Amino acid sequence: ERLVSEYGGSSKPVFLCGDFNDTPGSLTLGVFRGDWKLLSDTSYSFSSIDPHVCIDYILVLKNMARVKPLKSEVMHKFESGDVKHASDHLPVYVKVRILSPSSGSAR
């Protein structure tokens, strides 16, 4: 609620990311969707060893900012390193374009 009251009238985007410990259709996510737009896809992100549930999300506050999602994915393959040993969650990635509030063009 504090982020909504503090930045709800802002023209700058506010992102909220993390492990929500709940599934996409849950009451928890339903409450967030009132003031937040889900940007990330709902592919399975937990566990990194045996992904079988989506509980990790990236959201943007529904304020005056204009954000266009371009791509979203749960990352499974990397050029180097082993994500299964780095975390018990797979990384969630979103690529966005931040649009100018007045002209609709990208900044």
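Since the structure is predicted, the reported quantities are computational estimates derived from the model, not experimental observations. (Residues numbered from 1 in each chain as written. Predicted model: local features only at pLDDT ≥ 70, side-chain atom pairs only at ≥ 80, totals over all residues. Heavy atoms only, no water.)

Caption draft 1: Structural detail: the packing of aromatic side chains. Evaluated as defined, the whole model comprises two aromatic pairs. Both rings, one in Phe20 and one in Phe32, keep their centres 5.1 Å apart while their planes meet at 80°; by these two values the pair is edge-to-face. Linking Phe20 in the loop between β1 (15-19) and α2 (27-32) with Phe32 in helix α2, this pair joins segments that are 12 residues apart in sequence. Among the residues examined, Phe20 registers a relative accessible area of 15% and is labelled buried. Taking the relative accessible area as the measure of exposure, Phe32 reaches 25% and is therefore partly exposed. Consider the rings of Phe20 and Tyr57, whose centres lie 5.5 Å apart with planes at 80°: the pair is edge-to-face. Residue Phe20 is found in the loop between β1 and α2, and its partner Tyr57 is found in strand β3 (residues 56-61); the two are separated by 37 residues along the sequence. Tyr57 shares its class with Phe20; the two are buried. Chaining the aromatic ring pairs together yields one cluster made of Phe20, Phe32 and Tyr57. (Phe/Tyr/Trp six-rings, centres within 6.5 Å; stacked < 30°, edge-to-face > 60°. Helix = DSSP H or I, 4+ residues; strand = E, 2+ residues; numbered from the N terminus. Buried < 20%, exposed > 50% of the residue type's maximum accessible area, 1.4 Å probe, protein only.)

Caption draft 2: Structural view of the sheet that holds β3. An order of β1-β3-β2 is seen for the three strands of this open sheet, with the pairing classed as antiparallel. Both outer strands of the open sheet, β1 and β2 (36-38), are each paired with one neighbouring strand and no more. When strand polarity is set aside, the average angle formed by the axes of neighbouring strands in this sheet is 30°. As paired strands, β1 and β3 are joined by five bridges and run antiparallel to one another. Paired with Cys17 across the two strands is Ile58, which belongs to β3. (Pairing = 2+ DSSP bridges. Axes fitted to C-alpha atoms, helices over the stretch in contact; angles between N-to-C directions.)

Caption draft 3: Seen up close, the state of the cysteines. Enumeration according to the criterion identifies zero disulfides in this entry. The thiol sulfur of Cys17 is not disulfide-bonded, and the nearest other cysteine sulfur, from Cys54, lies at 13 Å. On the basis of relative accessible area, Cys54 is assigned to the buried category, the value being 3%. (Disulfide = S-S within 2.5 Å.)

Caption draft 4: Representation of the pairing of β3 within the structure. β3 sits mainly inside the fold: six of its six residues count as buried. Taking every second residue as pointing to the same face, both faces of β3 are buried, with Asp56, Ile58 and Val60 on one and Tyr57, Leu59 and Leu61 on the other.

Caption draft 5: Representation of the side chain of Ser48. Examined against the element boundaries, Ser48 turns out to sit in the loop between β2 and β3. Residue classification places Ser48 among the buried positions, given a relative accessible area of 3%. A polar contact of 2.7 Å, which involves the side chain of Ser48, links it to the backbone oxygen of Ser87. The contacts of Ser48, once residues within four sequence positions are left out, are Val83, Lys84, Ser87, Asp88, His89 and Leu90. (Polar contact = N/O pair within 3.5 Å; in protein donor to acceptor, adjacent residues only side chain to side chain. Contact = heavy atoms within 4.5 Å.)

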